[in-house]
Amino acid sequence: MYLITGATGNVGRPLIDHLLAAGAQVRATTRRPATAALPDQVEVVQADETAFPLDGVRAVFVNPAAIGNGLDALLTQAKAHDVRRVVLLSTSAVAVPGNPIGEHHRELEQRVMDSGLPWTMLRPGAFNSNTLAWATEIRTEQVVRAPYGEARIAPIDERDIAAVAGEALLSHDTDRLHNAAPVLSGPEVLTTADQVRDIAAATGVSLRFEEVSPEAARQSMVEAGVPAFAVDGVLGYYAHATHHPTTVSPVVQEITGRAPRRFADWAAEHAAAFSTTH
Ligand SMILES: NC(=O)c1ccc[n+]([C@@H]2O[C@H](COP(=O)([O-])OP(=O)(O)OC[C@H]3O[C@@H](n4cnc5c(N)ncnc54)[C@H](OP(=O)(O)O)[C@@H]3O)[C@@H](O)[C@H]2O)c1
């Protein structure tokens, strides 16, 4: 049995499909079991950051966004249940000096390591689905306004993170993901303008990329309700990638045996989200 926290999330949902396809038993936590729409085979449990359903669980997928302040309770309870691996969804931002999102995840990583439980820290870079935040501007004005036009990132399809997470959970006894912290990326280094070009190709609509100042971007994010530390984290990530272009990681290919999915293909699959007919 495998416990997935944040089961409806960007990585949790495809992770469930991966585990079910491998014939594994899956238990999933969510704040809203009645509407989570998870597959019938999944044992769905109400999320509770003080008590985790760990009976018979061999390995746990920990999504920091889904467990609130419950990490220490989860680790203590996992030890009591003889859980054999904790797979933490971390971030490549742990390697960006002074980045608040990175520092937060590094602290979570440390607590997992200090627990004495076997672990895998997955450190993906920017998710492909982050670009869904551009959907309204694209639909209404055919433009993407973003800062740091020179930043070079290697955005990753969440299904590829899920595939590596699935291997980390399923091969919990012996493998190269034991007490490892792999950085995960997509297959190519792209600027925001490159991603806009791929969305334009996917939708068949001519789109513009308009670079805005970091200050203007900050104001938009604050107005949209993004917490201050997340604003600093995201802007800092792109500022860093301007001077330190992301390098492509071989890990998805090495662990799954196939190349990571391309952003252009993700954009084609999600074209409806960026189209006016949506
Ligand atoms: N986005 C990126 O580019 C990126 C890159 C690297 C790392 N990460 C990390 O990946 C992790 C997941 O981030 P994500 O943005 O992809 O989120 P997500 O996993 O898609 O969403 C969070 C999930 O947690 C559950 N949840 C429980 N309490 C919540 C709350 N108070 N607010 C929101 N969701 C809550 C929700 O499920 P229910 O509604 O079913 O309860 C939701 O499906 C984070 O630690 C993030 O820092 C993100």
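None of these values were measured; they are calculated from a predicted model.

Ile4, Leu15, Ile16, Leu19, Phe61, Ile161 and Leu169 are the most contacted members of the largest nonpolar core, which totals 32 residues. Every element with two or more residues in this core is listed here: strand S1 (2-4), helix H1 (12-21), strand S2 (26-30), strand S4 (59-62), strand S5 (85-89), helix H5 (158-170) and helix H9 (251-256). Ranked by the residues each element gives to this core, the list is headed by H5, at six residues. Look past the residues within four positions of Leu169 in its chain and what remains in contact with it is Tyr2, Ile4, Leu15, Leu19, Ala59, Val60, Phe61 and Val87. Met1, Val60, Leu71 and Leu74 belong to the second largest nonpolar core, which has 20 residues in total.

It is worth spelling out the sheet that holds strand S8 (residues 183-184) at this point. If you walk across this open sheet you meet the seven strands as S3-S2-S1-S4-S5-S6-S8, and the pairing is parallel. Two strands in the sheet have a free side with no partner beyond their single neighbour: strand S3 (43-46) and S8. Across four bridges, the pairing between S2 and S3 is parallel. Looking at S3, one finds that Ala28 is bridged to Val44. This element, helix H3 (residues 100-114), spans S5 and strand S6 (119-124) of the sheet and lies at about 165 degrees to S6.

This part covers the UniProt feature "domain: NAD(P)-binding" (unreviewed entry) in the protein. Mapped onto the present numbering, the UniProt feature "domain: NAD(P)-binding" (unreviewed entry) falls on residues 6-169. Segment residues 6-169 splits into 33% helix and 17% strand. End C-alpha atoms: 15 Å apart.

The next thing to look at is the packing of aromatic side chains. Taken as a whole and assessed by the stated rule, the structure comprises three aromatic pairs. With 5.5 Å between their ring centres and 25 degrees between their planes, Phe263 and Trp266 make a pair best called stacked. Linking Phe263 with Trp266, this pair stays in helix H10 (residues 263-269), spanning three residues, or about one helical turn. Across the pair, exposure class does not vary: Phe263 and Trp266 are buried alike. Geometrically, the ring pair formed by Trp266 and Phe274 is edge-to-face, given 6.2 Å between the ring centres and 65 degrees between the ring planes. Since its relative accessible area comes to 2%, Trp266 is described here as buried. Owing to a relative accessible area of 3%, Phe274 belongs among the buried residues under this scheme. Members of the aromatic cluster, connected to one another through ring pairs, are Phe263, Trp266 and Phe274.

Rules behind the numbers
- Residues numbered from 1 in each chain as written.
- Predicted model: local features only at pLDDT ≥ 70, side-chain atom pairs only at ≥ 80, totals over all residues.
- Heavy atoms only, no water.
- Core = buried A, V, L, I, M, F, W, Y, C linked by side-chain atoms within 4.5 Å.
- Buried < 20%, exposed > 50% of the residue type's maximum accessible area, 1.4 Å probe, protein only.
- Helix = DSSP H or I, 4+ residues; strand = E, 2+ residues; numbered from the N terminus.
- Contact = heavy atoms within 4.5 Å.
- Pairing = 2+ DSSP bridges.
- Axes fitted to C-alpha atoms, helices over the stretch in contact; angles between N-to-C directions.
- UniProt positions renumbered as here; feature names shortened; annotations may be inferred.
- Phe/Tyr/Trp six-rings, centres within 6.5 Å; stacked < 30°, edge-to-face > 60°.

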